[in-house]
Amino acid sequence: MGSHDNGALASNSFLADKSAKVFVAGHRGLVGAAIVRKLTQLGFTNLVLRSHAELDLTRQYDVEAFFASKKPEYVIVAAAKVGGIHANNTYPADFISINLQIQTNVIDSAYRNGTKKLLFLGSSCIYPKFAPQPIPEDALLTGPLEPTNEWYAIAKIAGIKMCQAYRIQYKWDAISGMPTNLYGPYDNFHPENSHVLPALMRRFHEAKINGAKEVVVWGTGSPLREFLHVDDLADAVVFMMEKYSGLEHLNVGSGKEVTIKELAELMKEVVGFEGALVWDTSKPDGTPRKLMDSSKLAGIGWTPKISLKDGLVDTYRWYLENYKL
């Protein structure tokens, strides 16, 4: 994107120095845990990790002291306060203030303490409610947001803009990636406030264990959705750290659409539920289509590797090992 892209910065090879200090903020979450798994697999030996109890990223003084003492060369920001529609509606102050605090403290302290490169991760909810489908990066800030999660979205948009501003003013290599709907090990399988994929997995599993005759799913099953396994995201994160050094944020999606009906049928098969799948068409369907345009990232050379079927099998294996029912 023109003069603000610093080519010299892009020449620092992330993968060339496996002993470099890499701080993964939020390493216990769905995304952070996958990034740590990937970096460990690749042979990185100096990961800097702090639990929330060890370092509260909302506390500016503590974050500054941490960066001053550790001075990580690379930073990946996967820490965020996340939640579903109900949580966003109930705790809007938490969603805007905690996320703004985390990212502001980490981004600024990283810059001031000599971090070579920072990657900020957001979410597809940053885009306008009525964005074109598939959603390109330049749809950002072209219309009003989905009201139910605007507090979180505004914070994430501010994070993208902060990375851009630091790149422009300081010639500092801060980049942003916006993933689509994610799933995988360490997802939230809570019956009340989880996303559609883990919620379906849990419901089919419980139906199988309890010998239920049927599982009822809301709507017609016609809406189209996109899902990306977190291990694919982690692979994309490493790719971007190595290859991308641009002003604009990049979408990170699978590029593959699946109907909720196809997802439910595949989930039923993976879990091994033998009963009936029933659609309650009196219930609402939600947005008919939500897909990100990830062609920019594909153009640089990254594409996902994990099929939805393989990803579901992997996630269900993890679920069985970690949820006792």
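Presented here is an overview of the structure given in this document. For every chain, the first residue of the written sequence is number 1, and numbering continues from 1 onward in sequence order. pLDDT decides what is reported in this predicted model: residues at 70 or higher carry local features, side-chain atom pairs at 80 or more are listed and counted, and totals for whole chains, interfaces and linings draw on all residues regardless. As a convention, hydrogens and water are excluded, and side-chain values are obtained from all of the structure's heavy atoms.

What about the overall build of the chain?
Definition in use: Labels follow the DSSP assignment, with helices taken as runs of H or I lasting at least four residues and strands as runs of E lasting at least two, numbered in each case from the N terminus. In this description the radius of gyration comes from C-alpha coordinates, and the expected globular size is given by 2.2 Å times residues to the power 0.38. Between two residues, a contact is recorded if the distance between any of their heavy atoms is within 4.5 Å. Charged residues are defined here as Lys and Arg on the positive side and Asp and Glu on the negative side; His and the ends of the chain fall outside this count. Where a charge lies is defined by one atom per residue type, namely NZ (Lys), CZ (Arg), CG (Asp) and CD (Glu).
Looking only at helices and strands, one finds eleven helices and eleven strands in the chain. Computed over C-alpha atoms, the radius of gyration of the chain comes to 20 Å, within 12% of the 20 Å expected from 2.2 N^0.38 for 325 residues, which places it in the range of a compact globule. Summarising its shape, the C-alpha atoms of the chain cover approximately 60 × 40 × 40 Å along the three principal directions. Relative to all contacts within the chain whose residues are 6 or more apart in sequence, the contacts with residues 24 or more apart total 82%. Distance between charge centroids for the chain: 3 Å, based on 35 positive and 35 negative side chains.

Notes on the sheet that holds strand β10 (residues 257-259)
One key point about sheets: their strands pair by backbone hydrogen bonds, in either a parallel or an antiparallel sense. What counts, and what does not: Only strands joined by at least two bridges in the DSSP assignment are considered to pair. Lines fitted to the C-alpha atoms define the axes, with helices restricted to the stretch that makes contact. Angles between their N-to-C directions range from 0 to 180 degrees.
A sheet is described by the order of its strands in space; here three strands give the open sequence β6-β8-β10, paired in mixed fashion. Looking at strand neighbours, the two that pair on one side only are β6 (181-183) and β10, the edges of this open sheet. Between one strand axis and the next, the sheet turns through 55° on average, direction left out of account. Bridge analysis of β6 against strand β8 (residues 224-229) gives three bridges, and the strand direction is parallel.

Section: the packing of aromatic side chains
Note the threshold: Centres within 6.5 Å make a pair out of two Phe, Tyr or Trp rings, where for Trp the six-membered ring is used; the pair is then stacked when the planes are under 30 degrees apart, edge-to-face when over 60, and tilted otherwise. Each residue is placed in one exposure class: buried if its accessible area under a 1.4 Å probe, protein chains only, is under 20% of its type's maximum, exposed if it is over 50%, and partly exposed if it falls in between.
Tallied over the entire structure, the rule returns 18 aromatic pairs. Here the aromatic rings of F23 and F67 are separated by 5.7 Å at their centres, their planes lie at 85°, and the arrangement is edge-to-face. Here F23 is found in strand β1 (residues 22-25), whereas its partner F67 is found in helix α3 (residues 60-70), with 44 residues between them in sequence. Judged on exposure class, the residue F23 and its partner F67 are both buried.

Side note on the sheet that holds strand β3 (residues 74-77)
The parallel open sheet is built from six strands, whose spatial order is β2-β1-β3-β4-β5-β9. Whereas interior strands pair on both sides, the edge strands pair on one side only; in this sheet they are β2 (47-48) and β9 (250-252). Of the pairings in the sheet, the one linking strand β4 (residues 117-121) to strand β5 (residues 173-179) comprises five bridges and is parallel in character. Residue F120 lies in a different strand from β5, and its bridge partner there is S176. Sitting on the sheet, helix α6 (residues 150-170) is in contact with β4 and β5, with an inclination near 155° to β5.

Observations regarding the pattern of salt bridges
Filter applied, for reference: When a carboxyl oxygen of Asp or Glu lies within 4 Å of a side-chain nitrogen of Lys or Arg, that pair is called a salt bridge.
Counted by the stated rule, this structure contains 16 salt bridges. Salt-bridge contacts for K38 lead to D235; the nearest nitrogen and oxygen are separated by 3.8 Å. Of this pair, K38 sits in helix α2 (residues 30-41) while D235 sits in helix α8 (residues 230-243), and the two are 197 residues apart along the sequence. Judged by its relative accessible area of 17%, K38 is buried. The residue E265 makes a salt bridge to K261 at a minimum N-O spacing of 2.8 Å. Of this pair, E265 and K261 are both found in helix α9 (residues 260-271), four residues apart, which corresponds to roughly one turn of the helix.

What about the side chain of N251?
For the record, the criterion: Side-chain atoms alone can form a polar contact between residues adjacent in sequence; in general such a contact is a pair of N or O atoms within 3.5 Å, and within protein one must be able to donate a hydrogen while the other accepts it.
Of note, N251 is situated in strand β9. At 2.9 Å, the side chain of N251 forms a polar contact with the backbone oxygen of I135. With residues near it in sequence (within four places) discarded, N251 still touches Y127, I135, P136, E137, M178, M292, D293, S294 and L297.

Some points on the state of the cysteines
How we decide: Sulfur atoms of two cysteines make up a disulfide when they are within 2.5 Å.
Under the defined criterion, the tally for this structure stands at zero disulfides. Between C125, a cysteine without a disulfide, and C163, which holds the nearest cysteine sulfur, the sulfur-to-sulfur distance is 16 Å. Among the residues examined, C163 registers a relative accessible area of 1% and is labelled buried.

Remember that the coordinates give geometry; whether it matters functionally is a separate question.
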